[in-house]
Amino acid sequence: MSEAGEHSTTPVTLVDPIDISTLDPHFRNEIRSMPNGDDLYACFACTTCTAACPIACQWTYKPHQLIRMILLGMRNEVLSSKEIWECLTCFQCQERCPQGVRVTDIIFDCKNLAAEEGLVPENILGLGRQLLESGQLYQVTADWEREDLGLEPEVPGLDPEPMKAILHGTRTGRLVGGGD
Ligand code: SF4
Ligand code: SF4
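Residues numbered from 1 in each chain as written. Chains lettered and ligands numbered in written order. Predicted model: local features only at pLDDT ≥ 70, side-chain atom pairs only at ≥ 80, totals over all residues.

A.B. asks: Explain the overall build of the protein to me, using residue names and the numbers behind them.
C.D. replies: Along its length, the protein carries 11 helices and 0 strands. Taken from the N to the C terminus, the helices and strands of the protein come in the order α-α-α-α-α-α-α-α-α-α-α. Evaluated residue by residue, the protein yields a buried proportion of 23% over its 180 residues. (Helix = DSSP H or I, 4+ residues; strand = E, 2+ residues; numbered from the N terminus. Buried ≥ 20, exposed ≤ 12 C-beta atoms within 10 Å, placed from the backbone.)

As structure tokens, then:
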């Protein structure tokens, strides 16, 4: 504790200060101009979205903070955050927002922007490649439960070609290396 009359030159803060020179003042308009951004500016930081989110307790940036970061112009931090990819897309936040902010859909918009800039995590890209190669996101393994249910013991394989045809030429296909 400081002695009486002694003044500290470092102010005490409860959060890390933001370096405003790193902010992108156009980011909020970029998100607002997207199909889900109409009510972005109506956010009044009530944190209801975070209270509703089943995974926010695991996140460094909570849903209401992600929205605030967008409004402040923290483009790099939002688009490179793991949180936008870990969102469960359960829509609990969006359903409960009293201001009609489309929180979940805005997170989708952020993912689309991040993908355009090559900021997709490797594990997500791996899922995309799995889809292209096998036609399914998760491999169903053969086990005794199939036999109990009267199903053939081996899981029939899926033909990945129709999936490749659908993704061929799309941005998703290009992203995971399966398109033009
Ligand atoms: S619930 Fe809506 S208004 Fe409240 S912090 Fe979240 S986005 Fe903002
Ligand atoms: S949609 Fe995403 S951010 Fe919203 S409550 Fe569900 S997990 Fe949380």
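A.B. asks: I'd like to hear about unusual backbone geometry, residue by residue, with values.
C.D. replies: In this model, Thr47 sits at a positive phi of 70°, which is unusual for a non-glycine residue. Position of Thr47 among the secondary structure elements: in the loop between α1 (27–32) and α2 (48–52). Note on Thr47: 15 C-beta atoms within 10 Å, which makes it partly exposed. Even without glycine at this site, Thr89 takes up a positive phi of about 50°.

A.B. asks: Which residues make up the site of ligand 1, and what values go with them?
C.D. replies: Neighbouring ligand 1 are 13 residues, the closest being Cys43, Cys46, Cys49, His64 and Cys97. Mapped onto the shell around ligand 1, the elements with two or more residues apiece are α2 and α3 (63–72). For the shell around ligand 1, the per-class residue count stands at 9 nonpolar, 4 polar and no charged. (Near = placed C-beta within 6 Å. Nonpolar A, V, L, I, M, F, W, Y, C, P; charged D, E, K, R; others polar.)

A.B. asks: Residues and numbers for the site of ligand 2, please.
C.D. replies: In the vicinity of ligand 2, 15 residues are found, and the nearest of them are Cys53, Cys87, Leu88, Cys90 and Cys93. The element contributing the most residues to the shell around ligand 2 is helix α7 (residues 103–116), with 3 residues. Looking at the shell around ligand 2 residue by residue, the classes come out as 12 nonpolar, 3 polar and no charged.

A.B. asks: Describe in detail α7, supporting the description with residues and values.
C.D. replies: With 14 residues, α7 ought to run about 20 Å at 1.5 Å a step, and its terminal C-alpha atoms sit 20 Å apart, in line with that. Looking only at α7, the buried set comprises Val103, Thr104, Ile106, Ile107, Asp109 and Cys110. Looking at the buried residues of α7, the elements they touch are α1, α2, α3, α4 (75–79), α5 (83–86) and α6 (92–96). Of the residues flanking the end of α7, it is Gly118, one or two places downstream, whose phi is positive at about 70°. (Expected span 1.5 Å × (residues − 1). Contact = placed C-beta atoms within 7 Å.)

A.B. asks: Please give an account of the confidence of the model for the protein that cites residues and values.
C.D. replies: Confidence along the protein averages 86 in pLDDT terms, with 89% of residues attaining 70 or more. Note on residues 1–5: pLDDT under 50 across the span, and 1 contact to partners over four residues away in sequence or across chains. (pLDDT = per-residue confidence, 0-100.)

A.B. asks: Please set out the nonpolar core residue by residue, giving values where relevant.
C.D. replies: With 22 residues, the main nonpolar core has Ile70, Val78 and Val103 as its most contacted residues. For this core, the secondary structure elements donating two or more residues are α1, α3 and α7. Excluding its chain neighbours within four sequence positions, the residues that come into contact with Val78 are Leu66, Met69, Ile70, Ile84 and Cys110. (Core = buried A, V, L, I, M, F, W, Y, C linked by C-beta atoms within 7 Å.)

A.B. asks: Outline α3, listing residues and values.
C.D. replies: Extensive coverage of α3 is indicated by the burial of 7 of its 10 residues. Listed as buried for α3 are Pro63, His64, Gln65, Leu66, Ile67, Met69 and Ile70. In this structure, the buried side of α3 is in contact with α1, α2, α4, α5, α6 and α7. Directly beyond the C-terminal end of α3, a positive phi value near 95° is found at Gly73.

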